[in-house]
Amino acid sequence: MPLNNEADATQNELVQLITPSGERRSNPVYDRWVSDVDGAALQALYEDMVVIRRIDAEATALQRQGELALWPPLLGQEAAQIGSGRALREDDFVFSSYRENGVAYCRGVDLTDLLRVWRGNASAGWDPYAINMAPPQVIIGAQTLHATGYAMGVLADGADSVAVTYFGDGATSQGDVNEAMVFAASYQAPVIFFCQNNQWAISEPVRLQAHVPIAHRAPGFGIPSVRVDGNDVLACLAVTREALDRARTGGGPTFIEAVTYRMGPHTTADDPTRYRDANELEDWAAKDPISRVAALLDAQGLLSAEVSDAVKATADDVAARLREGCISMPEPQALDVFKHVYSEPNSWLERQQDSYEQYLTYFDSAESVNTAPNPSREVSR
Amino acid sequence: MSPVIKEFRLPDLGEGLTESEIVVWHVAVGDTVELNQVIADVETAKAVVELPSPYAGVVAKLHEQPGTVVEVGSPIVSFDVPGSGVPSGDSPDSSADKADDDEPPAKREPNLVGYGAAVEKTGRPTRRARRGAASTVPARPADASTADDAAVTAEAPQTSVPEEAPLERPRSTPPVRKLARDLGIDLPAVNGTGPQGLITREDVLAAQQKSAQEESAQSGTGQSGTGQQGADRGVPASIAAGERETRTPIKGVRKHTAAAMVASAFTAPHVTEFLTIDVTASMDLLARLKSSRAFADVRITPLALVAKALCIALDRNPTLNSRWDDASQEIVQHHYVNLGIAAATPRGLMVPNIKDAQALGLRELADALKGLTETARAGKTSPADLSGGTISITNVGVFGIDAGTPILNPGEAAILAMGSVRKMPWEYQDEIALRQVMTLSLSFDHRLVDGEQGSRFLADIGTILSDPGMVLTMV
């Protein structure tokens, strides 16, 4: 079992089951974890990846059209997110960063909820317990602590669910992530550290942060790790399933480094051409996660025109629903900020709410002095 | 089903941006566009981005020309959208048809993240201010709004511009206020057609045109600015025909260059020294090199010689190759030379640098210079090439100039300007002879470099160029 507890040459090798050109490569260790993935299952993974790429493109367009304040694109990271996301059980719990919109899709998030935060309409888009996924964490790496804490809770409950936390290569330089790994190892907590190494921490290349593969850090904490081709959906599925199995059977945490590439900007407010090379982008475009599965399916005769059309139709439908949900989302009310501070009534907060309400009324009356009934008043508040 | 005009207002494309420049339109009036079809490239302070169409329909109007800097929230394109498929709240809009050009977007506006906020934020404090001043100057724009532009009357009553008259300052934006000041337009006399009476660039320009025609018919009497206003616009009516000046918005590389120059000029105390030398020997050397086999396929120029001489002299005078790190209160001494070369490129002045120039032989240096300038002129200089420079050369000689007082590339301690090589009468072996002469101008940061070190450095370069053989005594 290639756990990287000892340094050896194999550590630098990526687990890869589908090559960039779409050939299925056998792997004596990991094949068994995906032996159940038949043609239909592979088609489903393909559709998932196409759909989340479409979600990503639509959301990016919505941002450019002023309907979203910001969007962090996942373009290029579809395999890492779908492969790992589809390995999870419903009672597993995800603690992600802001880029795991593909994982959220796997968890069954409502499409409108997915955009709520990015439209600036809510502090959190969904009920975490409805889909067993915490709201996206914007503070880099903080979610790893939440995941480890949750996993320690799972231990206390005697359950066999697993906490999975997603973060990027840059986050591994944060104290939080390192602390989380210390605790995860100490308690042998059922948590998976899923690092999508997309090569760039905004404008900082990964080589500045890590002189060895990031996966090599975990063994120092006593956590087995594996490097996987993050653009290979099947390999990502396999290594995640192995890690889940280890966690469920008392084997403790696992660190997965999914080596992938952020094909787009860090967020819609970023311009990657200012700091990275066009050649690098080309190299990674040749390793596209979706086209390799398409090639594999095609070679197996599983990508007929009907299948392609059906996948496209699904993606278009999801995009249309996403857009409609976004632009018809009701505006948040000013007093909503008081809603989710405490779970129970709090007199101190109520006083604040009262005075804020009066403050707002002051503007209303100022306006009504000046204007006839103004239809835009409701939303302009 | 009658079509509905939908206006697309420029969104905040980054986080907290206030304006963007339309780089190019990919569509023209009359084009049919699909949802999310790219209609324009827009440059923000952060990036050039593609703008996807928010509607499927026909382009009815492009409000802005390419090259225009547009404020977030300003309409940039209008679409004829088929009457169906418009989301709820449709009925009041569609009745108004084209006349509602401004209205529905104004209602929609707060829905669109990014440009609701800016206006609302400035709106609220302004509304508070108005209370105190409530009865001072009433009834300002009522006449103006009716007279001025019929097209926007739909907007005016809704946003109650007349009631907002007694503002301390009319609602506008800093660039527009400045424009008004530059044109001598009295802002309170302008009728704002923007959201909630906001005075837009167009309003100011319209007011200027109007007052040019009517002269001082309507404007505030006794305003202190009035007299000057008239004086400033000596020939105001002819602004469109026969302009006496052209105004170019400060943006892009020009803006960046200006900021860098100001930052450099006002943080680093510059000293410039000049040295005029006889470079005949160097020119002879150059001629010999050109005909030598080793340099057969490379274009070797005086710049390459100067660059090499600078590297050699720098090794003897390392102070010139250092950096003032104000944040850490340290002087950083570089043990490598990243040699910047000022280049005039299609995008403006750029100073890409040659990494580790100290390690390059003359031949390699010439190759590097060629590659660097070609890349720069093609506009393909990468960000990495532009950062990390330690000292620079600017070759003003190519323009036939002898000397100058160059401004330091920010973060560097010295910059050398090389003048053109001229044949001049010059002292040679105690006689007057026609010699090839060049002036070197060296500016250095006097915080780091004293006159002694700067002078020695410049003298070393001069010695090498006037007598290349002297290098033997230096390396």
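So, how was this worked out
Residues numbered from 1 in each chain as written. Chains lettered and ligands numbered in written order. Predicted model: local features only at pLDDT ≥ 70, side-chain atom pairs only at ≥ 80, totals over all residues. Heavy atoms only, no water. Helix = DSSP H or I, 4+ residues; strand = E, 2+ residues; numbered from the N terminus. Buried < 20%, exposed > 50% of the residue type's maximum accessible area, 1.4 Å probe, protein only. Contact = heavy atoms within 4.5 Å. Areas by Shrake-Rupley, 256 points an atom, 1.4 Å probe, with all protein chains shown as cover. Salt bridge = Lys/Arg side-chain N within 4 Å of Asp/Glu carboxyl O. Axes fitted to C-alpha atoms, helices over the stretch in contact; angles between N-to-C directions. Parallel < 35°, antiparallel > 145°, perpendicular 65-115°, else oblique. Left-handed = near helix turned anticlockwise from the far one by under 90°. Nonpolar A, V, L, I, M, F, W, Y, C, P; charged D, E, K, R; others polar. Phe/Tyr/Trp six-rings, centres within 6.5 Å; stacked < 30°, edge-to-face > 60°. Lys NZ or Arg CZ within 6 Å of the ring centre and 35° of its normal. Patch = residues over 30% accessible without salt bridge, like charges linked within 9 Å, V, L, I, M, F, W, Y side chains within 5 Å. Pairing = 2+ DSSP bridges. Polar contact = N/O pair within 3.5 Å; in protein donor to acceptor, adjacent residues only side chain to side chain. Right-handed = clockwise from strand over helix to strand, strands pointing away. Arc of directions from axis to C-beta. Core = buried A, V, L, I, M, F, W, Y, C linked by side-chain atoms within 4.5 Å. pLDDT = per-residue confidence, 0-100.

## A short note on the overall build of chain B
Thought 1: In terms of helices and strands, chain B carries 14 helices and 19 strands.
Thought 2: Counting over 475 residues, chain B shows a buried share of 44%.
Thought 3: Relative to all contacts within chain B whose residues are 6 or more apart in sequence, the contacts with residues 24 or more apart total 63%.
Thought 4: For chain B, the accessible area works out to roughly 23700 Å², and carbon and sulfur atoms hold 55% of it.

## Brief notes about the overall build of chain A
Thought 1: Along its length, chain A carries 15 helices and seven strands.
Thought 2: For chain A, buried positions account for 54% of its 381 residues.
Thought 3: Expressed as a percentage of contacts within chain A between residues at least 6 apart in sequence, the contacts between residues at least 24 apart total 76%.
Thought 4: Surface exposure of chain A reaches about 16000 Å², of which carbon and sulfur atoms provide 53%.

## Description of the pattern of salt bridges
Thought 1: Considering all chains together, one arrives at 33 salt bridges over all chains under this definition.
Thought 2: Among the ionic pairs, R247(B) bridges to E245(B), the shortest N-O distance being 3.7 Å. The exposure classification of R247(B) matches that of E245(B), with both residues exposed.
Thought 3: A network of salt bridges, in which partner residues are shared, links R54(A), E58(A), K312(A), D316(A) and R323(A).

## Remarks on the packing of helix α11 (residues 302–316) of chain B against helix α12 (residues 362–377) of chain B
All names here are of chain B.
Thought 1: Where α11 contacts α12, the two axes come as close as 9 Å, and the packing angle between them is 120 degrees. It follows from the interaxial angle that α11 and α12 lie oblique. Crossing hand, α11 versus α12: right-handed. Of the residues in α12, those in contact with L303, A304, L305, A307 and K308 of α11 are L362, L365, A366 and L369.
Thought 2: Looking at the contact of α11 with α12 residue by residue, the class counts come to eight nonpolar, no polar and one charged.

## A look at the packing of aromatic side chains
Thought 1: Scanning the entire structure with this criterion turns up 14 aromatic pairs over all chains.
Thought 2: Grouping aromatic residues by their ring pairs yields a cluster made of F93(A), F95(A), Y129(A) and Y150(A).
Thought 3: Above the plane of the ring of W284(A) lies K287(A), whose end atom (NZ or CZ) is 4.0 Å from the centre.
Thought 4: Taking the ring centre of Y428(B) as reference, the NZ or CZ of R435(B) above it sits at 3.6 Å.

## Some thoughts on a nonpolar patch on the surface
Residue and element names in this part refer to chain A.
Thought 1: On the surface, L155, V182, F183 and Y187 cluster together into a nonpolar patch covering about 370 Å² of accessible area.
Thought 2: Tallying contributions element by element places helix α7 (residues 175–187) first for the nonpolar patch, with three residues.
Thought 3: Here F183 lies in helix α7.

## Structural notes on unusual backbone geometry
Residue and element names in this part refer to chain A.
Thought 1: Backbone geometry places Q188, a non-glycine residue, at a positive phi of 50 degrees.
Thought 2: By the secondary structure assignment, Q188 is in the loop between α7 and β3 (191–197).
Thought 3: With a relative accessible area of 36%, Q188 lands in the partly exposed category.

## Considering the sheet that holds strand β5 (residues 48–52) of chain B
The strands that make up a sheet pair up through hydrogen bonds in the backbone, lying either parallel or antiparallel.
Residues and elements named next belong to chain B.
Thought 1: Ordered in space as β5-β4-β2-β7, the four strands form an open sheet in which the pairing is antiparallel. Edge positions in the open sheet fall to β5 and β7 (69–71), since each of these has one partner strand only. Shown here is a sheet whose adjacent strand axes are inclined to one another by a mean of 40 degrees, direction ignored.
Thought 2: Where strand β4 (residues 38–43) lies against β5, five bridges are found, and the strand directions are antiparallel. The residue bridging E43 from the neighbouring strand is V48, located in β5.

## A closer look at the sheet that holds strand β2 (residues 163–168) of chain A
Residue and element names in this part refer to chain A.
Thought 1: Taken in spatial order, the five strands make up an open sheet running β1-β2-β3-β7-β6, and their pairing is parallel. Strand pairing shows two members of the sheet lacking a second neighbour, β1 (93–95) and β6 (225–229), which therefore form its edges. Recorded for the sheet is a direction-independent mean angle of 20 degrees between the axes of neighbouring strands.
Thought 2: Two strands pair when backbone bridges link them, and β3 and strand β7 (residues 254–259) are joined in this way by six bridges, in the parallel orientation. Bridge pairing in β7 links I192 to T254.
Thought 3: Where helix α2 (residues 78–85) meets the sheet, its contacts fall on β2, β3 and β7, and the angle it forms with β3 comes to roughly 165 degrees.
Thought 4: Sheet contacts for α7: β2, β3 and β7; angle to β3, the most-contacted strand, approximately 150 degrees.

## Details of the side chain of E78(A)
Residues and elements named next belong to chain A.
Thought 1: Checked against the element boundaries, E78 lands in helix α2.
Thought 2: Residue classification places E78 among the buried positions, given a relative accessible area of 0%.
Thought 3: At a separation of 3.0 Å, a polar atom in the side chain of E78 contacts the main-chain amide nitrogen of G76.
Thought 4: Once residues within four sequence positions are removed from consideration, E78 is found in contact with M49, I52, R53, G83, P289 and I290.

## Section: the pairing of β3(A)
All names here are of chain A.
Thought 1: With seven of its seven residues buried, β3 lies for the most part within the structure.
Thought 2: Residues V191, F193, C195 and N197 point to one face of β3 and I192, F194 and Q196 to the other, with burial holding for every one of them.
Thought 3: Alignment of β2 against β3, held across six bridges, turns out to be parallel. Directly across from G168, in β3, lies its bridge partner Q196.
Thought 4: Note on the crossover from β2 through α7 to β3: the handedness is right-handed.

## Concerning the packing of helix α1 (residues 39–64) of chain A against helix α12 (residues 289–299) of chain A
Residues and elements named next belong to chain A.
Thought 1: As a packed pair, α1 and α12 sit with axes 10 Å apart at the nearest point and diverge in direction by 150 degrees. In terms of orientation, α1 lies roughly antiparallel with respect to α12. Note on packing geometry: the crossing formed by α1 with α12 is left-handed. Taken together, the residues of α12 that come into contact with α1 (itself represented by G39, L42, Q43, Y46, M49, V50 and R53) are P289, I290, V293, A294, L296 and L297.

## Notes on the environment of V94(A)
Residue and element names in this part refer to chain A.
Thought 1: If you trace the backbone, V94 turns up in strand β1.
Thought 2: V94 sits in the buried class, given a relative accessible area of 0%.
Thought 3: Each C-alpha atom, one on V94 and one on Y166, is 7.8 Å from the other, the two residues being 72 residues apart in sequence.
Thought 4: In contact with V94, not counting residues within four places along its chain, are L88, V103, R107, N132, M133, A134, V164 and Y166.

## So, helix α6 (residues 174–183) of chain B
Residue and element names in this part refer to chain B.
Thought 1: For α6, every residue scored as buried is listed here: V176, R177, L179, A180 and L183. All buried residues of α6 project into a common sector of 160 degrees when viewed along the axis, lining one side. More than 90 degrees from the buried face of α6, the exposed residues found are P174 and R181.
Thought 2: Of the residues one or two after α6, G184 is the one with positive phi, at around 75 degrees.

## Notes on the nonpolar core
Thought 1: Counting 72 residues, the largest nonpolar core has Y46(A), L115(A) and L234(A) as its most contacted members.
Thought 2: Setting aside anything within four residues of it in sequence, one finds Y46(A) in contact with I290(A), V293(A), A294(A), L297(A), L303(A) and V311(A).
Thought 3: Core analysis: the next-biggest nonpolar cluster, separate from the first, contains 50 residues, V298(B), L339(B), L360(B) and I391(B) among them.

## Some words on the confidence of the model for chain A
Note: predicted coordinates in regions of low pLDDT should not be interpreted at a detailed level.
All names here are of chain A.
Thought 1: Counting all residues, the mean pLDDT for chain A is 91, and 92% of those residues have values of 70 or more.
Thought 2: This stretch, residues 1–11, has a pLDDT under 50; its non-local contacts, to residues over four places away or in other chains, come to 19 contacts.
Thought 3: Per-residue pLDDT stays below 50 along residues 370–381; that stretch engages in 19 contacts with residues further than four places along the chain or on separate chains.

## Overview of the pairing of strand β18 (residues 422–428) of chain B
Residue and element names in this part refer to chain B.
Thought 1: Judged from the seven bridges that link them, β18 and strand β19 (residues 431–445) form a sheet pairing that is antiparallel. Note on β19: the bridge partner recorded for K423 is Q436.
Thought 2: Connecting the antiparallel pair β18 and β19 is a turn made up of two residues, with Q429 showing a positive phi of about 50 degrees.

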